[in-house]
Structure formats: structure tokens, C-alpha cells
Amino acid sequence: MEEELKKLIEETLNIPCELDTGAMVFPGATVEEYLRNPEAYGDGQPEEIVSYITINLYYPKRKERNAAVDKLVPKLVAAGYLYPTDERYYDTEARKHRAVLNTSKIGGKHNGEN
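For the structure given in this document, a descriptive report is provided here. (Residues numbered from 1 in each chain as written. Predicted model: local features only at pLDDT ≥ 70, side-chain atom pairs only at ≥ 80, totals over all residues. Heavy atoms only, no water.)

Let us now look at the overall build of the protein chain. Broken down by element type, the protein chain carries two helices and five strands. When the helices and strands of the protein chain are read in sequence order from the N terminus, they spell out α-β-β-β-α-β-β. A buried classification covers 37% of the 114 residues belonging to the protein chain. Expressed as a percentage of contacts within the protein chain between residues at least 6 apart in sequence, the contacts between residues at least 24 apart total 53%. (Helix = DSSP H or I, 4+ residues; strand = E, 2+ residues; numbered from the N terminus. Buried < 20%, exposed > 50% of the residue type's maximum accessible area, 1.4 Å probe, protein only. Contact = heavy atoms within 4.5 Å.)

Moving on, we come to the pairing of strand 2 (residues 28-39). In terms of strand pairing, strand 1 (residues 17-18) meets strand 2 through two bridges, oriented parallel. What sits directly across from Cys17, in strand 2, is Ala29. One ladder, built from 11 bridges, connects strand 2 with strand 3 (residues 48-59); its direction is antiparallel. Considered in strand 3, the bridge of Thr30 is made with Asn56. (Pairing = 2+ DSSP bridges.)

Written out as C-alpha cells, the structure is:
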């Protein structure tokens, strides 16, 4: 799921997207699936997985960051992700304008692994 989302971000925003927070390029993005939770129980057995994801966007200018969020959110929703929560601020450590989007997506059958 992370690879699919990485590609969506790169194609939508035309910026590099990393799956970890290693060496960042600015503007840039990171994606992390931080929880996979079996849900939609039927007969006591989990039927589907809900993936919870954090997306970080970093831009040198606030206006660029805001435009990126406004462009990305409709694409996420169209791709089946829940409308994300959205936190925007100036990251004093990175010295960049940052947006943190938290979303989730139901997908895939549960196979006993988490």
C-alpha cells in the first residue's frame, strides 16, 4: 500500500516521496503505514485490514505547501482513502513548511498476519 501511495504523491505533486525519513529532498514527502488493523469482524474472524497512514509534506514556502495539500487531498479520496486530518505548521527543525496528513484505507483480506 505504501508503494501505491508513494506513486500517487509523486505523480500528483511532482515531488520525490520516500518511505522513510532518511535523507530528505525539499520539496519532498514521506509516507509511513504505522498500523494495520484487522476489522470488519464476521463470525468472530477478521475479514479486512484497515491501514493507517501518515503523509508528511515539506515545502520551503507556506503557499506551496497549502497548494500541495489542496491538490493531494481530492486525489487521496478518489483513490479510496478516508478524508485525511490535516495539520500545517512551520517545522523549526527542518526549517520548512510542513503538512502532516493522517488517513486510512480499508483494503485486502485478513490472512492471519498483521
